[in-house]
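Descriptive analysis of the structure
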Amino acid sequence: MCGIAGYYSSEFQLSRQDLSKMSLALEYRGPDFEDFFVKQDNDQNIGLAHRRLSIIDISKLGNQPMYFENLVMVFNGEVYNYVEIREKLLKKGYKFISNSDTEVVIKAFHCYGKEAVNQFIGMFAFAIYDQISQKLYLGRDRFGVKPLFIYRDNNTLCFASELKSLMSIEQLPLGINNKSVNAYLRFGYVPHNESIFKNVSKLKPGSIAELDINNGAITQVDYQYWSLDDAFSIPKRSISLEEAQEELRELLMSSFQYRMVADVNVGVFLSGGYDSSLVAGMLVKESGVSLNTFTIGFDDPRYNEAPAARKVAEYLGTNHEEVICTENDALGIVERLPFIYDEPFADSSAIPTILVSQMASERAKVVLSADGGDEMFGGYSKYEYVQRIFGYVNQIPGFLRSGVGAGLTQMSKSGILKANALSKANKMGDLLSEKDTSKHADILSRYLSDEDLRFLGITEGFYNNRLLDKILREDMSHLDGMRRIDFETYLPDDILCKVDRATMSVSIEGREPFLDHRILELANSFPEEFLINNGSKKFILKELAHQYIPKELLDRPKAGFAVPLDSWLRSPLRSILLDSLDKSFCHTFGFDHGKLQKLLSQFENNKGAYATANKLWSMLMLAMWQNQWQRK
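Bear in mind that the values here come from a model prediction, so they are computed numbers and not experimental data. (Residues numbered from 1 in each chain as written. Predicted model: local features only at pLDDT ≥ 70, side-chain atom pairs only at ≥ 80, totals over all residues. Heavy atoms only, no water.)

**Some words on the overall build of the protein chain**
The cut-off we apply is this: Under the DSSP-based scheme used, a helix requires at least four consecutive residues in state H or I and a strand at least two consecutive residues in state E, with every element numbered from the N terminus. Only protein chains enter the calculation, and the probe is 1.4 Å; a residue is then buried if its accessible area is under 20% of its type maximum, exposed if over 50%, and partly exposed in between. Surface accessibility follows the Shrake-Rupley procedure with a 1.4 Å probe radius. Residue values consider only the protein chains on display as shielding.
Of the regular secondary structure elements, the protein chain holds 29 helices and 17 strands. Counting only residues that meet the buried cut, the protein chain has 60% of its 632 residues in that class. In the form shown here, the protein chain has an accessible surface area of approximately 24,100 Å², with 48% of it arising from carbon and sulfur atoms.

Written as C-alpha cells, this is what we have:
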C-alpha cells in the first residue's frame, strides 16, 4: 500500500522539485520509504514518485520505483495471487530477487503487456513507463478500491493517488467544475468520471490508459480490461441453494485468505453485522488464525453497535478492542475531514471510520473491511423497497400511478408535512412518477433534490447523470439494475473512497475481502431469490453466516454505519455549521442566504429531521472544503 504521483509532458514545465512536493502531500500513505524517477531530455520528459507503506516483503528489495529492462513502475496496492503468477513467470525463464508482489507485477507486464492485468486478483493503481516506446500506462483495479486522479491538458499530464498531490503544483490551473459541485450536492460525492476541478478526473475502474507523446501532444487510448457490463450479463443458473452455498463458501474462503497475505499484523473491522462477522467467522473457524478485531461505538444508544460486535468477538475468541465515539471525538475529526477527503465528501460515517482506523493502527498495519457485501448480495433496504413496492405498483394503471405520485409530490411542496414525512412523501411521489431503474436509483440516493436546490435559490445547472441510462439493459430486473448502478457509482465514489482515505490517513492498509471479481460473477449467476427471498435481504449470505455464528447473535435490524448527525449538528457542531454557511458561502455557490437560514431554522425546530440534517451536512462539508482548499 502506497502513494504514487508523477507527470508526463512534452515541455519542461515540471521538475524534480515539483515531484517532491507531490510526494510530500502523500507522505502518510507511505511513510516507510520515498524515491523518484526523473528523465528530462529532448525525447523523454517524465517524473514518477513513490511513497511506500511496507506490507509484503518489507525489505529494501521491494522499494520503488522498480525497474526491469526498459520498464519503470510505481505501484499502489496489492496483487494477492502474485505467488501463482510468479510460478508462471518462472516457467517462462524470469528470475526474481525479492518476495514482493511489485516485482511480479512489473515482470508480468513485461511478459504479457497490458493483458497482464487480467490475471491480477487485487486492488491497485499503477504507472508503468516504457523507456523505449516512450509510452506511459496508468491502470486501476476492477472495482476502484485504489484511487488515481489524472490532470490533462493538451501537452501535460499529472497523476496522483490523491487530489491534494495535484493541488501542490501551483502552476496547474485548477478551476472549480460547477457541474461537479451540482453532482456533489445531489449525491454527497463527486462521480469518478469528474472531479471537483476542471481538467481532472479519476481513472475508470477496470481500465488502463495508454499515453504516448506524439509530435509534442499527448495521445491517449483507453483500454477496458474488465467490465461491469460483462459481469451483469452472466446468465442465471438453475442450482440448488445447498450447491450455491458450497460454491460461495469455497470462493469466499479463497478471497478472504488471499487478503490475509502480509508480512505485518492483520486485523478486521467488526461491526457485528453479517458481512464483517462472516469474514471474521470464516477466518477463525476455517483457518484457525488468531484474529485482531476492532469496533467503533457511540455514546448515543440509537447508533451503538458495539455490544453486538462484542458478543460476536467473544463467541469467536478474537483479540477484540472497541472505542466509543463521543461528541468531542466527532468535533476533532470534523475539523480534519476537508484535509483527509480533498474533494467535498458528505458521507458522515467517515468520522467513525477514521476513529476505528486510528485505534486499529496501534495493533495492525493491515485491516479487512467488509464493504461490498450489500452490493454483492442485495443488502440495502432500497433494493428490497423498490422490488416490493414496484411488485405492487406495476399492477396499478399507469395514469393512476402518475396521479398518486403527483399528489404526493404536491403534498411535499405544500408545507403541511413535517420534515421527515415531507422527505419521504417527496421521494415516494417521485418514485411513482418514474418507471426507469436509473431514475429510482437517483431518487433513493440523493442528498438534495432539484426541488431542494430550487428552494435554496439554484435555478440552473442541475446534474443529469446520463451514465446511468447507458449502463442498464431493458431485460434487467430492478434488483440487478440497482446493484449495477451502485457498483458503478456509490461503491467506488463513496464507500471505497471513504475507507481508503480513512485508513491511509493513519498509514494502515484497508483491504476489501468481498470485492473479488470472482465473487460478483458467481453472485450474478445465482437465481435472484437467493439474494432477496420474501423480503429477507442477502439471503444466501445470511444462511451461510449462520453456519459459523449463531443466528441470535446476528439477526437484528440492519443499522448501517450511521452517526447521530442530527444531535451533533445541534450541539457540538452547531457553531461550525452556522459560521460556515454564511453569506460568503451562499454567494460563492449561488444559494439564497435567506432561504438557507429558513432551512436551518426548520432543522432546529424539528428534532426528528434527520433528512434535513443530511442536507445541511453536505453543504457544511462543501463550505469547509472551500475554506481548506480553494485557491483564492
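**Digging into helix 5 (residues 178-187)**
The following threshold applies: Think of a polar contact as two N or O atoms within 3.5 Å of one another; within protein, one of them needs to be a possible hydrogen donor and the other a possible acceptor, and neighboring residues in sequence only count if both atoms come from side chains.
Counting buried positions along helix 5 gives 8 out of 10 residues, so the element sits mostly inside the fold. For helix 5, the complete set of buried residues consists of Ser180, Val181, Asn182, Ala183, Tyr184, Leu185, Arg186 and Phe187. The N-terminus of helix 5 is capped by Asn177, whose side-chain oxygen sits 3.1 Å from the backbone nitrogen of Lys179. Once helix 5 finishes, Gly188 follows within two positions and takes phi at roughly 90°, a positive value.

**Focus: the nonpolar core**
The condition that has to hold: Each nonpolar core is a collection of buried residues, namely Ala, Val, Leu, Ile, Met, Phe, Trp, Tyr and Cys, held together in the definition by side-chain atoms within 4.5 Å. The contact rule is simple, with two residues in contact once any of their heavy atoms fall within 4.5 Å.
Grouped together as the largest cluster of nonpolar side chains are 100 residues, with contacts concentrated most on Phe120, Phe143, Leu248, Leu252, Phe377, Phe487 and Leu520. Counting residues per element, this core draws most heavily on helix 7 (residues 241-258), which supplies 8 residues. Each residue touching Leu520, except ones within four places of it in the same chain, is listed here: Phe143, Trp226, Leu228, Ala231, Phe232, Met376, Arg483 and Phe487. Counting residues in each nonpolar core, the second largest holds 89 residues, with Ala49, Phe298, Ile333 and Phe591 among its members.

**Considerations on the sheet that holds strand 7 (residues 135-140)**
Two modes of strand pairing occur in sheets, parallel and antiparallel, and in both the strands are linked by backbone hydrogen bonds. Selection criterion: Two strands pair under a simple rule: DSSP has to find at least two bridges between them. Axis definition: a line fitted to C-alpha atoms, limited for helices to the stretch in contact. Angles are taken between N-to-C directions and run from 0 to 180 degrees.
With antiparallel pairing, the 6 strands of this open sheet are ordered in space as 4-5-6-7-11-12. Strands with a single pairing partner mark the edges of an open sheet, and in this sheet they are strand 4 (66-68) and strand 12 (217-224). Sheet twist, expressed as the average angle between the axes of neighbouring strands with direction ignored, equals 20°. In this structure, strand 7 lies alongside strand 11 (residues 207-214), joined through 5 bridges in antiparallel fashion.

**Some words on the side chain of Asp275**
Tracing the backbone through its elements, the reader meets Asp275 in helix 8 (residues 274-287). A residue is classified by how much of its surface remains accessible, and Asp275, at 8% relative accessible area, is buried.

**Considering the pattern of salt bridges**
Rule in force here: By definition, a salt bridge exists where a carboxyl oxygen of Asp or Glu is found within 4 Å of a side-chain nitrogen of Lys or Arg.
As enumerated under the stated definition, the model contains 34 salt bridges in all. One salt bridge in this structure joins Asp516 and Arg259, with 3.5 Å as the shortest N-O distance. Here the residue Asp516 occupies a position in the loop between strand 17 (509-511) and helix 22 (517-523), and Arg259 occupies one in the loop between helix 7 and strand 13 (266-269), the gap between them amounting to 257 residues. Arg259 carries the same exposure label as Asp516, and that label is buried. Salt bridges sharing common partners tie together Arg29, Lys146, Glu162, Lys164, Asp342, Asp500 and Arg501.

**With respect to helix 20 (residues 478-488)**
In terms of burial, helix 20 is largely enclosed, as 10 of its 11 residues are buried. Of the residues making up helix 20, those classed as buried are Leu479, Asp480, Gly481, Met482, Arg483, Arg484, Ile485, Asp486, Phe487 and Glu488.

**Regarding the sheet that holds strand 3 (residues 45-52)**
Strands sit in the order 2-3-1-9-8-10 across an open sheet of 6 strands; the sheet is antiparallel. Among the strands making up the open sheet, the edge pair consists of strand 2 (33-40) and strand 10 (200-202). Each strand axis lies, on average, 10° off the axis of its neighbour in the sheet, ignoring direction. Across the sheet, helix 1 (residues 16-24) lies against strand 1 (2-9), strand 2, strand 3 and strand 9 (156-160), angled at about 150° from strand 2, the strand it touches most.

**Things to note about the environment of Ser584**
Within the secondary structure, Ser584 sits in helix 27 (residues 583-589). Classification of Ser584 as partly exposed rests on a relative accessible area of 46%. C-alpha separation for the pair Ser584 and Ala623, spaced 39 residues apart in sequence, amounts to 9.6 Å.

**Brief notes about the side chain of Lys382**
Tracing the backbone shows Lys382 in helix 14 (residues 381-393). Judged by relative accessible area, which is 15%, Lys382 ranks as buried. Separated by 3.1 Å, the side chains of Lys382 and Asp486 make a polar contact. Excluding residues within four positions of it along the chain, Lys382 makes contact with Leu444, Ser445, Met482 and Asp486.

**Focus: the packing of helix 2 (residues 82-91) against helix 3 (residues 101-112)**
We count it as follows: Every angle not falling under 35 degrees, over 145, or within 65 to 115 is termed oblique; those three ranges are roughly parallel, roughly antiparallel and roughly perpendicular. Crossing handedness is defined as follows: a turn of the near helix away from the far one that is anticlockwise and smaller than a right angle gives a left-handed crossing, while the clockwise case is right-handed. Amino acids outside the nonpolar list (Ala, Val, Leu, Ile, Met, Phe, Trp, Tyr, Cys, Pro) and the charged list (Asp, Glu, Lys, Arg) are all regarded as polar, and Gly is one of them.
One can describe the packing of helix 2 onto helix 3 by two numbers: an axis separation of 10 Å at closest approach and a directional angle of 45°. In terms of orientation, helix 2 lies oblique with respect to helix 3. Helix 3 is crossed by helix 2, and the crossing has left-handed handedness. Contacts between helix 2 and helix 3 involve Tyr82, Ile85, Arg86, Lys88 and Leu89 from the former and Asp101, Val104, Lys107, Ala108, Cys111 and Tyr112 from the latter. Among the residues forming the contact of helix 2 with helix 3, the class breakdown is 7 nonpolar, no polar and 4 charged.

**Regarding the confidence of the model for the protein chain**
What counts is decided by this rule: What pLDDT reports is the predictor's confidence in each residue, on a scale of 0 through 100.
Here the protein chain shows a mean pLDDT of 87. Residues at 70 or above account for 89%. No element of the protein chain has a lower mean pLDDT than helix 15 (residues 398-414), at 52, and none a higher one than helix 22, at 97. Confidence drops under a pLDDT of 50 for residues 414-422, and excluding neighbours within four residues, the segment shows 14 contacts in the predicted structure.

**Looking at the pairing of strand 11**
Extensive coverage of strand 11 is indicated by the burial of 6 of its 8 residues. Pairing between strand 11 and strand 12: 8 bridges, direction antiparallel. Bridge pairing links Asp212 to Thr219 in strand 12. Hairpin remark: strand 11 followed by strand 12, antiparallel, with 2 residues in the connecting loop; positive phi at Asn215, about 55°.

**Some remarks on the packing of helix 7 against helix 8**
Helix 8 packs onto helix 7 with a crossing angle of 90° between their chain directions and a minimal axis gap of 10 Å. Overall, the two elements helix 7 and helix 8 adopt an arrangement that is roughly perpendicular. Of the residues in helix 8, those in contact with Arg249, Leu252, Met253, Phe256 and Gln257 of helix 7 are Leu278, Val279, Met282, Leu283, Glu286 and Ser287. Taken together, the residues of the contact of helix 7 with helix 8 sort by class into 7 nonpolar, 2 polar and 2 charged.

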